[in-house]
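Below are the chains, spelled out letter by letter.
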Amino acid sequence: MGFSAFIITINSTDVRTGDRQCGIGSKHVVYIMKVVNGDRSWLAEKRYSDFIAIDNVLRSKFWYMQVPKLPGKKYFFNFDEEFVDKRRAELEEYLRALLQVACFSQSDEMWTFLTHKDSIIGVPPEMQEENHRHAQALPESP
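To start, this report covers the structure provided alongside it.

Thresholds applied
For every chain, the first residue of the written sequence is number 1, and numbering continues from 1 along that sequence. Local features are withheld for residues below a pLDDT of 70 in this predicted model, meaning they are given only at 70 or higher, and side-chain atom pairs are given and counted only at 80 or more; totals for whole chains, interfaces and linings count all residues. Only hydrogens and water are set aside; all other atoms, that is, all heavy atoms of the structure, feed into the side-chain values. To qualify as a helix, a DSSP run of H or I must reach at least 4 residues; to qualify as a strand, a run of E must reach at least 2; elements of each kind are numbered from the N terminus. Exposed residues in this analysis have more than 50% of their type's maximum accessible area, buried residues have under 20%, and partly exposed residues fall in between, with area computed by a 1.4 Å probe over protein chains only. Contacts are residue-level and defined by heavy atoms, with any inter-residue pair within 4.5 Å sufficient. The salt bridge criterion pairs a side-chain nitrogen of Lys or Arg with a carboxyl oxygen of Asp or Glu, the two atoms within 4 Å.

What follows covers the environment of phenylalanine 113. By secondary structure assignment, the location of phenylalanine 113 is in helix α4 (residues 108-115). Of the residues examined, phenylalanine 113 reaches a relative accessible area of 7% and is grouped as buried. Residues phenylalanine 113 and lysine 46 lie 67 residues apart in sequence; the distance between their C-alpha atoms is 9.0 Å. In this view, phenylalanine 113 contacts Met33, Lys46, Asp50, Phe51, Ile54, Leu95 and Ser119; residues no more than four positions away in its chain are not counted.

With that out of the way, let us pick up the pattern of salt bridges. Two side chains of opposite charge can pair, provided their charged atoms sit close to one another. Applying the stated criterion across every chain yields a total of nine salt bridges. One salt bridge connects arginine 88 with aspartate 85, and the closest N-O pair in it is separated by 3.1 Å. A residue pair is termed a helical-turn pair when its members lie 3 or 4 positions apart in one helix, as arginine 88 and aspartate 85 do in helix α2 (residues 81-99) at three residues. Judged by its relative accessible area of 18%, arginine 88 falls in the buried class. Relative accessible area serves as the criterion here: at 44%, aspartate 85 is assigned to the partly exposed category. Measuring nitrogen to oxygen at the nearest pair gives 2.9 Å for the salt bridge that ties arginine 96 to glutamate 92. Remark: glutamate 92 and arginine 96 occur in helix α2; sequence separation between them is four residues, near one turn of the helix. Among the ionic contacts, a cluster of salt bridges with common partners joins Asp85, Arg88, Glu92 and Arg96.

Here is the structure:
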């Protein structure tokens, strides 16, 4: 067992049409995660394919470790509200299990998965003022 500085909850989901490489009219589910790292917090959007990607990377890099089981893919009726909510809970549990293993939680790949700028959508309202204060205290980058 390890320790992770990240606390993650997947608070909500959204069904969208036509993002990324899905093509026109293609629907997909976006999972909206609240990520907390110490006194910083942000929201990130991930698709199931993003979870498949991090799972594949961790299995390849840490081939000698047992990676928690990623919830399975469903090809039909995967926009059903009950299914989406069940998968949301399973993905949250999957991330929690990953973050309890030091080599996974402290890997560059996990850091990138949780902090990649293309998936960050904002700061939860309850953290905006606090994050603003911390940002002002940071030195300017060169």
